[in-house]
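Topology and contacts: notes
Spelled out from the first residue to the last, the chains are:
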Amino acid sequence: MNILEVEELSFSYGNAKEKFRNQVLNQISFHMEEQESIGLIGANGVGKSTFLKLLTGLLTMQEGRLRIAGLEMKKENLQQIRAEIGYVFQDSDSQLFMSTVYEDVAFAPRNYGKSEEETRELVMKALGQVHMDGRKDRQIYRLSGGEKKLVSIATVLAMGSKLMLLDEPSVALDPRNRRNLIRILNELPQAKIIASHDLDFVYDTCKRVVLLSEGRIAADGRGEDILTDRMLLEKHGLELPLSFSSTPKNKFLAI
Amino acid sequence: MMKISEAISDLHKMDMEAGKHGWLQGIHPLPKLLVTVFFILTTVSYGKYDLAGLLKMGIYLIIGFVMGDISVKLLIKRMRAVLALVCLVGIANPLIDRKVLFQIGEFAVTGGMVSAVTLMLKGVFAVAASYLLMVTTAVEDLGYALRRLHIPKVFVTVLMLVYRYIIVLLKEIERMTDAYSLRAPGQTGLHYKVWGTMVGQLLLRSMDRAQIVYDSMMLRGYQGEFYLRCKKRAGAGDYLYAAVWVMVMLVLRYRG
Ligand SMILES: Nc1ncnc2c1ncn2[C@@H]1O[C@H](COP(=O)(O)OP(=O)(O)O)[C@@H](O)[C@H]1O
Ligand SMILES: [Mg+2]
């Protein structure tokens, strides 16, 4: 079964009656298999965050169809769909709102009616997956940026969601935290959509890449094909990932 | 803006102190809340000239601050605004109530003087007791205790949200004023011309951030109630703690 089916999805900001409508997504279609990782790339403002928010129901769908884990996106299914989806915000600072790491990760299981023992198990497992079990009693505000990102991911893992959506996960991470995050994401079995304009990061975490441009899908295929295609990327306002941007000769010199 | 970053770190520090592993911190939040409420009610019930009786109630605070390893200096520093306000309450009493109660040598102590001090002390005691509860109990635990006392869901939820949003708001103020002062060197405070824009910006930005907090709650299954649970269960020691204090306070109040 496909974890996600997107059919001719369109979306505009602004009222339908208004003259000025900002059409962000225009007839987007693609399918995604379970355990697949997709890098959603595109220049700033192309609509990556908008797309992710549509999947969570934070933005209400206007046109097209969305099926998530076999559930049609509509009001009656929203609670069920949200239980299947884990959304990692770009801004971890606001995503985390309880006082300690443990309390924050426990927030979702408790809301889903888990007992305190079950909650404890889920929290410790999720923290273990992001290698943060040693920090469970930490105050959120004392965490570093990288740790906050990992805890945000743990809050989502504790829900047992099948599809993880990550919005610009590598922004504001130093190289070490970035490498750490790549390793951890690659260890997680869930299906993931990683929206980012950091193409190196996408290359290291996603086999498949969907390129958005002017509201449409400009390319959908293997990361190694799309991310190495300088012409294609530049045409859509992106640059080759750093790891490919140097010519072979330069690369040789760099070593 | 030192003030704001201080306020943020104070809030966080209070959270942290509540997580310390002290004796008082270890008491279940429910009996702690009950004892605090009982203390405040008892304190308020003292007659307006009963300064001597009221002073005895201080024993609760002294023991609490010692057992909880709480710094009184920090209490004064953090709560100075509230304390100052509380002290203003009875300030006019000496002018109104000039009945002489007793003489100390030449000096006539009037009813107004005594009642003013009593009133101030009641206020200070109430603030100190609430502070003691706050720094020894995490907000989540406090919310849990309130719910156990059947305080309506809305109030507890509002309390929890206000607590979270205040931090969001303060952080936003800090960010903006930092950015401002970095580009306005040598200037203390904000120029009056930018106040309007700053306040507007602040409103928009904190609404944005509050929205993210709310979205994040919704996406994690929030349905209008914080499922507050307490890590520990109330044991015999916790009940004993409440029982002993209630008894001591009753004895101080009616037999002391
Ligand atoms: N709440 C909003 N109201 C109106 N327009 C918006 C809103 N959020 C985003 N947009 C616009 O929609 C477009 C896509 O934004 P976004 O999805 O955030 O892009 P990305 O995440 O790819 O950078 C941008 O042109 C942006 O200005
Ligand atoms: Mg975005």
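These numbers come from a predicted model, not from an experiment.

On to the overall build of chain B. A tally of regular secondary structure across chain B gives 12 helices and 2 strands. The helix and strand sequence of chain B, counted from the amino end, reads α-α-α-α-α-α-α-β-β-α-α-α-α-α. Principal-axis analysis of the C-alpha atoms places the extent of chain B at approximately 65 × 50 × 30 Å. When the accessible area of chain B is evaluated, it comes to approximately 14,200 Å², of which 70% is carbon and sulfur surface. Between the centroid of the 30 positive side chains of chain B and the centroid of its 17 negative side chains there is a distance of 3 Å.

With that settled, consider the overall build of chain A. On a plain count of helices and strands, chain A comes out with 12 helices and 10 strands. Principal-axis analysis of the C-alpha atoms places the extent of chain A at approximately 55 × 55 × 35 Å. The buried share of chain A, taken over its 255 residues, is 53%. Sequence separation of at least 24 residues holds for 64% of the intrachain contacts in chain A that already meet a minimum separation of 6. Of the roughly 11,900 Å² that chain A leaves accessible, carbon and sulfur atoms contribute 48%.

We now examine the sheet that holds strand β4 (residues 63-68) of chain A. Residues and elements named next belong to chain A. Across the sheet, which stays open at both edges, the 4 strands sit in the order β2-β1-β4-β5 with antiparallel pairing between neighbours. A strand with exactly one partner marks an edge of an open sheet, and here the two such strands are β2 (22-33) and β5 (71-72). With 2 bridges joining them, β4 and β5 adopt antiparallel strand pairing. Among the inter-strand pairings, I68 is bridged to a residue of β5, identified as L71. The strands that helix α1 (residues 48-56) touches are β1 (2-13), β2 and β4; relative to β1, the one it contacts most, it runs at about 120°.

Residue and element names in this part refer to chain A. Its 13 residues give helix α7 (residues 175-187) an end-to-end C-alpha distance of 19 Å, which sits within 8% of 18 Å, the value for a rise of 1.5 Å per residue. Looking at α7, one finds that the buried residues are N177, L181, I182, I184 and L185. Elements in contact with the buried residues of α7: α5 (116-129), α6 (145-157), β7 (163-167), β8 (191-195) and α8 (199-205).

Looking now at the site of ligand 1. All names here are of chain A. Surrounding ligand 1, one finds Y13, N22, V24, N44, G45, V46, G47, K48, S49 and T50. Within the backbone of G45, one N or O atom sits 2.7 Å away from an oxygen atom of ligand 1. At a separation of 2.7 Å, an oxygen atom of ligand 1 approaches a polar side-chain atom of S49. Starting from 560 Å² of accessible surface for ligand 1 in isolation, the protein chains cover 57%.

All right, on to the side chain of K122 of chain B then. All names here are of chain B. Within the fold, K122 resides in helix α8 (residues 111-136). Although K122 is buried, it forms no salt bridge, and the closest oppositely charged side chain is D50 at an N-O distance of 8.7 Å. Once residues lying within four places of it in the same chain are set aside, the contact partners of K122 are T43, V44, Y46, G47 and L54.

Quick look at the nonpolar core now. All names here are of chain A. With 43 residues, the main nonpolar core has I41, V105, V130, I153, M164 and L185 as its most contacted residues. With 6 residues, the top contributor of residues to this core is α6. If we ignore the near neighbours within four places in the chain, the residues touching L185 are I153, L166, K192, I194, F201 and T205. In terms of nonpolar packing, the next biggest core, distinct from the first, is built from 37 residues, L4, L58, M73 and L165 among them.

All names here are of chain B. Residue-level pLDDT values for chain B average 84, and 95% of them are 70 or greater. Here helix α1 (residues 2-18) is the element of chain B with the lowest mean pLDDT, 71, and helix α3 (residues 29-45) is the one with the highest, 93. Here the complex is predicted with pTM 0.77, and the ipTM for its interfaces comes to 0.79.

Our next topic: the sheet that holds β7 of chain A. Residues and elements named next belong to chain A. Spatially, 6 strands are ordered β6-β7-β8-β3-β9-β10 in an open sheet, and the strand pairing comes out mixed. Each having just a single partner strand, β6 (85-88) and β10 (216-222) make up the two edges of the open sheet. When the angles between neighbouring strand axes are averaged without regard to direction, this sheet yields 15°. Sheet analysis places strand β3 (residues 37-41) next to β8, joined by 4 bridges and oriented parallel. Within the sheet, the bridge partner assigned to L40 lies in β8 and is A195. Across the sheet, α6 lies against β6 and β7, angled at about 165° from β6, the strand it touches most.

As enumerated under the stated definition, the model contains 4 cavities of 30 Å³ or more in all. Of the pockets and cavities examined, the largest cavity occupies roughly 210 Å³. Lining the largest cavity are 18 residues, and of these D93 and L96 of chain A together with R164, I167 and K171 of chain B sit closest to its centre. For the lining of the largest cavity, the secondary structure elements donating two or more residues are α3 (92-95) of chain A together with α1, α10 (153-182) and α11 (192-219) of chain B. By residue number, the principal contributor to the lining of the largest cavity is α10 of chain B, which donates 4 residues. Looking at the lining of the largest cavity residue by residue, the classes come out as 8 nonpolar, 4 polar and 6 charged.

A separate point is a nonpolar patch on the surface. Residues and elements named next belong to chain B. On the surface, W23, I59, I62, I63, V66, M67, L240, V244 and V248 cluster together into a nonpolar patch covering about 810 Å² of accessible area. Breaking the nonpolar patch down by element, the ones donating at least two residues are α4 (51-67) and α12 (236-254). Looking at the nonpolar patch, the element that brings in the most residues is α4, giving 5 residues. By the element assignment, L240 lies in helix α12. Among the residues examined, L240 registers a relative accessible area of 55% and is labelled exposed.

Conventions adopted
Residues numbered from 1 in each chain as written. Chains lettered and ligands numbered in written order. Predicted model: local features only at pLDDT ≥ 70, side-chain atom pairs only at ≥ 80, totals over all residues. Heavy atoms only, no water. Helix = DSSP H or I, 4+ residues; strand = E, 2+ residues; numbered from the N terminus. Areas by Shrake-Rupley, 256 points an atom, 1.4 Å probe, with all protein chains shown as cover. Lys, Arg positive; Asp, Glu negative; His and termini not counted. Charge placed at Lys NZ, Arg CZ, Asp CG, Glu CD. Buried < 20%, exposed > 50% of the residue type's maximum accessible area, 1.4 Å probe, protein only. Contact = heavy atoms within 4.5 Å. Pairing = 2+ DSSP bridges. Axes fitted to C-alpha atoms, helices over the stretch in contact; angles between N-to-C directions. Expected span 1.5 Å × (residues − 1). Near = heavy atom within 4 Å. Polar contact = N/O pair within 3.5 Å; in protein donor to acceptor, adjacent residues only side chain to side chain. Salt bridge = Lys/Arg side-chain N within 4 Å of Asp/Glu carboxyl O. Core = buried A, V, L, I, M, F, W, Y, C linked by side-chain atoms within 4.5 Å. pLDDT = per-residue confidence, 0-100. 1 Å grid on protein atoms, 1.4 Å probe; cavity = no way out; pocket = protein on both sides within 12 Å on 5 of 7 lines; lining within 4 Å. Points joined across faces, edges and corners; volume = space filled by probe spheres on them. Nonpolar A, V, L, I, M, F, W, Y, C, P; charged D, E, K, R; others polar. Patch = residues over 30% accessible without salt bridge, like charges linked within 9 Å, V, L, I, M, F, W, Y side chains within 5 Å.

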